[in-house]
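Chain by chain, the residues run as shown.
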Amino acid sequence: MKNSNMKKVIVIALALALTACCLFAFAACDVKDGRYFFEDGTRFKIDPNNLRVMGMELGDIFGLVSNLALNTDETYFEFNSDGTLHAQLTTKDGLIGTLPSLLNSFDVDLDSMLGSVDLAEGLATYVEPMFPGFTAYLEAGDLESSLALVERSIGLNIKGLDYEDEGIKEAVKYVGENKRLPGDLLDKIPADTVLQLTLDTHYLIRDIVGEDGTPYTAIYLGNDVANRNTATNPFCVFTLTENEAGVMSAEMVIEFLNVRLGIVQQLAE
């Protein structure tokens, strides 16, 4: 795998996490009072044919990521009839242990690549204003409390890390002190670790009409907006459609990040 492809893989992972936690308002629409939910257990999967980051169509690269890194059976968005959403992105069993040697076989200098990731600007510009106290916890070596701030705010978390493991403690301490990733990060994480990015929040579906008169069906994500707090903007909105076969799909576009994320209904086998 060339370095350019590896960078695209990292861009996908970061973009998926970013779209899950980015504040995003659905503007210029007349929202009707009606709201409704999916039938219980309506599940969607990421649509590789509708995935774009920074102008790049990433279907092929996402396929590579899925084959190498993701447990696709445990990667999904599930909407329930009580207005709750559970979404998760899960790594394959054994990925952490095999990834360094796999990337080395593709002539990827993983240590240099990870060690070059500078987190300082992102923490100061984006993370800290949204989640005050995140950096202080991180500097104290308490990643669990940092992530708990994010989970309490928008329902997003990373699960599967053993915070009592000495290697993970050492890695977190390094990040807190240097605001950078250690080059040997994967060596510090136990080889059998399975990571899972989760999102637990409320949602509602509304029929809306754009300023041009075009009708839309929108899925609003966010605890406050789902409970009809009209003064609060949703942090994420998907536009919902259904094809002639009755299969639903949804798309979220974040213009200022040039990100498009599509999901498609996963039918029962």
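Description of the structure in this document. What you see is a predicted model, and the numbers here were worked out from it, not measured in a lab.

**Brief notes about helix α3 (residues 95–105)**
Reasoning step 1: Turning to α3, its buried residues number three or more, namely L95, I96, L99, P100 and L103. Projected down its long axis, α3 carries its buried residues within an arc of 135°, all on one side. Exposed side of α3, more than 90 degrees from the buried face: N104 and S105 are the residues found there.
Reasoning step 2: Directly beyond the C-terminal end of α3, a positive phi value near 60° is found at D107.

**Quick notes on the packing of aromatic side chains**
Reasoning step 1: Going through the model one piece at a time under the given rule, you end up with seven aromatic pairs.
Reasoning step 2: Between F37 and Y203, the ring centres sit 5.5 Å apart and the planes meet at 75°, which makes this aromatic pair edge-to-face. Remark: Y203 occurs in strand β7 (residues 196–210) and F37 occurs in the loop between β1 (29–31) and β2 (42–53); sequence separation between them is 166 residues.
Reasoning step 3: Given the relative accessible area of 34%, F37 is considered partly exposed.
Reasoning step 4: Every member of this aromatic cluster is reached through a ring pair, and the members are F37, F38, F44, F79 and Y203.
Reasoning step 5: Against the face of Y220 rests R206, its NZ or CZ located 5.7 Å from the ring centre.

**What to know about the environment of G176**
Reasoning step 1: Within the secondary structure layout, G176 lies in helix α8 (residues 166–178).
Reasoning step 2: Separated by 36 residues in the primary sequence, G176 and A140 place their C-alpha atoms 6.8 Å from one another.
Reasoning step 3: Every residue in contact with G176, bar those within four places of it in the chain, is listed here: L138 and E139.

**Notes on the nonpolar core**
Reasoning step 1: Counting 58 residues, the largest nonpolar core has F38, F77, F79, I219, L221 and F238 as its most contacted members.
Reasoning step 2: Residue contributions to this core peak at five residues, all from helix α7 (residues 143–154).
Reasoning step 3: Judged by nonpolar contacts, the second largest core, of five residues, contains L204, A218, Y220 and V237.

**Section: the pairing of strand β8 (residues 215–221)**
Reasoning step 1: With five of seven residues buried, β8 lies mostly within the body of the structure.
Reasoning step 2: Across seven bridges, β7 lies against β8 in antiparallel orientation. Pairing of I205 across the sheet is with I219, part of β8.
Reasoning step 3: In sequence, β7 turns back onto β8 through a hairpin of four residues, with G213 there showing a positive phi of about 90°.
Reasoning step 4: Here four bridges tie β8 to strand β9 (residues 236–242), and the two strands are oriented antiparallel to one another. Bridging from a neighbouring strand, L221 pairs with C236 of β9.

**Description of the pairing of strand β5 (residues 84–90)**
Reasoning step 1: Among the seven residues in β5, five count as buried, and that is most of the element.
Reasoning step 2: The pairing of strand β4 (residues 76–79) with β5 spans four bridges and is classified as antiparallel. Looking at β5, one finds that E78 is bridged to H86.
Reasoning step 3: Count of turn residues in the β4/β5 antiparallel hairpin: four residues, of which G83 carries a positive phi of about 85°.
Reasoning step 4: When β5 meets β7, the two strands line up antiparallel, connected through seven bridges. Paired with L85 across the strands is T201, a residue of β7.

**What about the pattern of salt bridges?**
Reasoning step 1: Inspection of every chain in the model, using the stated rule, returns nine salt bridges.
Reasoning step 2: Between E139 and K179 there is a salt bridge, and its shortest N-O distance comes to 2.9 Å. Of this pair, E139 sits in helix α6 (residues 134–139) while K179 is found in the loop between α8 and α9 (185–188), placing the two residues 40 residues apart along the sequence.

Calculation rules
Residues numbered from 1 in each chain as written. Predicted model: local features only at pLDDT ≥ 70, side-chain atom pairs only at ≥ 80, totals over all residues. Heavy atoms only, no water. Buried < 20%, exposed > 50% of the residue type's maximum accessible area, 1.4 Å probe, protein only. Helix = DSSP H or I, 4+ residues; strand = E, 2+ residues; numbered from the N terminus. Arc of directions from axis to C-beta. Phe/Tyr/Trp six-rings, centres within 6.5 Å; stacked < 30°, edge-to-face > 60°. Lys NZ or Arg CZ within 6 Å of the ring centre and 35° of its normal. Contact = heavy atoms within 4.5 Å. Core = buried A, V, L, I, M, F, W, Y, C linked by side-chain atoms within 4.5 Å. Pairing = 2+ DSSP bridges. Salt bridge = Lys/Arg side-chain N within 4 Å of Asp/Glu carboxyl O.

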